[in-house]
2 protein chains.
Amino acid sequence: MEAETKPERTRLSAEDWELGALELIAESGIGALAVEALARRLGVTKGSFYWHFRTREALLLSALERWERYEERDVLAQIETIAEPHQRLRELFHRVARENMHARIYAALLKALDQPVVVPLMARVSGQRMAFLTRAYREAGLAEADALNRARLTYAAYVGFLQLNLTLGLPKLGHEAFDEYVEHMIRTLVPE
Amino acid sequence: MEAETKPERTRLSAEDWELGALELIAESGIGALAVEALARRLGVTKGSFYWHFRTREALLLSALERWERYEERDVLAQIETIAEPHQRLRELFHRVARENMHARIYAALLKALDQPVVVPLMARVSGQRMAFLTRAYREAGLAEADALNRARLTYAAYVGFLQLNLTLGLPKLGHEAFDEYVEHMIRTLVPE
DNA sequence: GGGCAACCATACGCTGGAGTATGTAAGTGT
DNA sequence: ACACTTACATACTCCAGCGTATGGTTGCCC
């Protein structure tokens, strides 16, 4: 029954700052990642921050690298175990764009591609996902050139979907409307 | 042989500032639209700016409204005259995403959907384009629900393509590779 | 050819957010 | 119980960028 009520007043580590940064990015984008704002959020002042990180950029970089490691390990690795390519792509579509924090961060990064820090990271992640998609389409029976273009199309559709839904509220699909959209997407993009 | 060399030293109008703003947005995004920077670009100081506009936001709004008017009149209106739906969609795909200033501005706006000024504008433009696509797919023979989902898919692919190419240099397609991609897209998305 | 209005320059104030300097409290080993 | 490291607070400086105040210049019109 100690003073552990709301602000959870323990000391912070660099990891706490990185996770807090990722939450902030997911909610309000990279532009909202300000030192003092995040400090308030964590219940401290920026005096603390500059003990853990040399600069704001340093925090951003560390946080994004952490995100990338999680991304690599968690998302694609699980789906990659599915042997049947149709089912694998279907699972990918469903897993993705479920309004989780991961997709929100990805969308936030897409909107920050002018800042030099995010470009190489997004290049790596995008390249990886493109490779994943291309291989899946090859295994689903498409020729090399078609598989590559289909992967481009799919990946662009994914990116655009995130932009239009997470930031603009364009279609604002309901639960079942979303499922129907995904099914339509699969019928259209995945060869028989 | 007067001093009309490079900075074209005539007096400026509000329209000049709006056009300059759009150029700046197309090049470096909305975040780069700063009063003093734009003033330097136009060869004057901000003392001029605040004669024409009350605030920075006012300029942004005026510039975007101008862009929207142009957008409406120029792009869709011409394509709408094409009767044959396959050809109409093909022309749309080709016209679009050719690295012109218009698409660059559109991409810049997509990345600025957190700012309240751009949201209603993008909602109007996106709704209009979605309606255009949905109608085209209906006329191409799809049922209502399928036409809507196909339009969503197409529009998302368009948006994603812009993001990935104009900001990230991901595929960095060459001239003929781009054409092949468009053809693949048409084969995949447009019903026979 | 004088006057008014449009256009622009210069110089300032103000704010938000990054980064620094320095002191202090809480742990932790010994 | 003392030194030493970790974690944080407070109080600054510095800079970019918006907006304001005020006065000067150019063009037009009569």
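What you see is a predicted model; the values in this text were computed from it and never measured. (Residues numbered from 1 in each chain as written. Chains lettered and ligands numbered in written order. Predicted model: local features only at pLDDT ≥ 70, side-chain atom pairs only at ≥ 80, totals over all residues. Heavy atoms only, no water.)

S.K.: Would you take a moment to explain the protein's contact with DNA strand D for this structure?
M.R.: Of all residues adjacent to DNA strand D, which total 20 residues, the nearest are A:Thr45, A:Trp51, B:Lys46, B:Thr55 and B:Arg56. Backbone atoms, meaning sugar and phosphate, form 59% of the atoms of DNA strand D found within 4 Å of the protein. In the model, a phosphate oxygen of DNA strand D is placed 2.9 Å from a nitrogen or oxygen of the A:Leu12 main chain. The separation between a phosphate oxygen of DNA strand D and a polar side-chain atom of A:Ser48 is 3.0 Å. Those elements that place two or more of their residues in the surface near DNA strand D are α3 (46–52) of chain A together with α2 (35–42) and α3 (46–52) of chain B. In terms of residue count, α3(A) provides more of the surface near DNA strand D than any other element does, five residues in total. Of the residues assigned to the surface near DNA strand D, the class counts are seven nonpolar, six polar and seven charged. (Near = heavy atom within 4 Å. Polar contact = N/O pair within 3.5 Å; in protein donor to acceptor, adjacent residues only side chain to side chain. Helix = DSSP H or I, 4+ residues; strand = E, 2+ residues; numbered from the N terminus. Nonpolar A, V, L, I, M, F, W, Y, C, P; charged D, E, K, R; others polar.)

S.K.: Is there a simple way to explain the protein's contact with DNA strand C in this structure?
M.R.: The environment of DNA strand C is made up of 21 residues, and the closest members are A:Lys46, A:Thr55, B:Leu12, B:Thr45 and B:Trp51. Put simply, 58% of the atoms of DNA strand C that lie within 4 Å of the protein are in sugar or phosphate. Within the contact set of DNA strand C, a phosphate oxygen lies 3.4 Å away from a side-chain nitrogen or oxygen of A:Tyr50. A distance of 2.8 Å is found between a phosphate oxygen of DNA strand C and a backbone nitrogen or oxygen belonging to B:Leu12. The set of elements that each furnish at least two residues to the surface near DNA strand C consists of α2 (35–42) and α3 of chain A together with α3 of chain B. With five residues, the top contributor of residues to the surface near DNA strand C is α3(B).

S.K.: I'm lost on the relation of the copies chain A and chain B in this one. Help?
M.R.: The transform that puts chain A on chain B rotates by 180° and translates by 0.0 Å along the axis, for an RMSD of 0.1 Å. Taken together, the rotation and translation describe the operation of a two-fold axis. Comparing interface residues between copies, 100% of those in chain A also lie at the interface in chain B; the contact surface is shared. (Least-squares fit on C-alpha atoms with pLDDT ≥ 70 in both. Contact = heavy atoms within 4.5 Å.)

S.K.: Can you walk me through the interface of chain A and chain B in this structure?
M.R.: The parts lose accessible area when they come together, and the size of an interface is often stated as this lost area. Contact with chain A, which involves 34 residues of that partner, is made by 34 residues of chain B. Counting each side, the surface lost to burial between chain A and chain B is near 3,000 Å², with a carbon and sulfur contribution of 70%. Its largest share of buried area at the contact with chain B, chain A owes to A:Leu153, A:Leu168 and A:His184, together 19% of the area lost on that side. Scanning the region where chain A abuts chain B turns up two salt bridges. Where A:Asp146 meets B:Arg187, a salt bridge forms, and the shortest distance between an N and an O atom there is 3.6 Å. Elements with a contribution of two residues or more to the side of chain A that touches chain B: α7 (118–139), α8 (144–167) and α9 (175–189) of chain A. Here the side of chain A that touches chain B takes 14 residues from α8(A), the largest share from any one element. Per-class residue counts for the side of chain A that touches chain B are 20 nonpolar, seven polar and seven charged. (Buried area = accessible area lost by both parts, 1.4 Å probe. Salt bridge = Lys/Arg side-chain N within 4 Å of Asp/Glu carboxyl O.)

S.K.: Looking at this structure, I do not really get the layout of surface pockets. What am I missing?
M.R.: Space left empty within the atom packing is revealed by a probe, the size of a water molecule, rolled over the atoms. By volume, the largest pocket is sized at about 570 Å³. Considering the residues around the largest pocket, the lining is formed by 28 residues, among which A:Lys111, A:Asp114, B:Gly29, B:Gly31 and B:Lys111 are closest to the centre. Going through the elements one at a time, α1 (14–28), α6 (101–110) and α8 (144–167) of chain B are the ones with two or more residues in the lining of the largest pocket. Residue contributions to the lining of the largest pocket peak at four residues, all from α1(B). Grouping the constituent residues of the lining of the largest pocket by class yields 13 nonpolar, nine polar and six charged. (1 Å grid on protein atoms, 1.4 Å probe; cavity = no way out; pocket = protein on both sides within 12 Å on 5 of 7 lines; lining within 4 Å. Points joined across faces, edges and corners; volume = space filled by probe spheres on them.)

S.K.: How should the packing of α6(B) against helix α7 (residues 118–139) of chain B be read in this particular structure?
M.R.: To describe two helices that pack against each other, one gives the angle between their axes and the distance between the axes. All names here are of chain B. Relative orientation of the contacting elements α6 and α7 amounts to 125°, with a least axis distance of 10 Å. If you check the angle between α6 and α7, you find them oblique. Crossing hand, α6 versus α7: left-handed. For the pair α6 and α7, contact is made by His102, Tyr106, Leu109 and Leu110 and by Val118, Leu121, Met122, Val125, Ser126 and Arg129, respectively. Here the contact of α6 with α7 is composed, by residue class, of seven nonpolar, two polar and one charged. (Axes fitted to C-alpha atoms, helices over the stretch in contact; angles between N-to-C directions. Parallel < 35°, antiparallel > 145°, perpendicular 65-115°, else oblique. Left-handed = near helix turned anticlockwise from the far one by under 90°.)

S.K.: Sorry if this is basic, but what is going on with the nonpolar core here?
M.R.: Most often, soluble globular proteins keep nonpolar side chains buried together rather than apart. In terms of nonpolar packing, the biggest core is built from 131 residues, with A:Tyr106, A:Leu109, A:Tyr137, B:Tyr106, B:Leu109 and B:Tyr137 touching the most fellow members. Setting aside anything within four residues of it in sequence, one finds A:Tyr106 in contact with A:Trp67, A:Met122, A:Val125, A:Ser126, A:Arg129, A:Tyr155, A:Tyr158, A:Val159 and A:Leu162. (Core = buried A, V, L, I, M, F, W, Y, C linked by side-chain atoms within 4.5 Å. Buried < 20%, exposed > 50% of the residue type's maximum accessible area, 1.4 Å probe, protein only.)

S.K.: Hey, could you run me through α7(A) in this one?
M.R.: Every α-helix winds through 3.6 residues per turn, so residues three or four apart in the chain are directed the same way. All names here are of chain A. When the terminal C-alpha atoms of α7 are compared, their 31 Å separation across 22 residues agrees well with the 32 Å that a helix rising 1.5 Å per residue should span. Turning to α7, its buried residues are Val118, Leu121, Met122, Val125, Ser126, Arg129, Met130, Phe132, Leu133, Thr134, Ala136 and Tyr137. Tucked into the core, α7 has its buried residues touching α4 (56–80), α5 (85–95), α6 (101–110), α8 and α9. Where α7 terminates, the next one or two residues include Gly141, which has phi positive at roughly 115°. (Expected span 1.5 Å × (residues − 1).)

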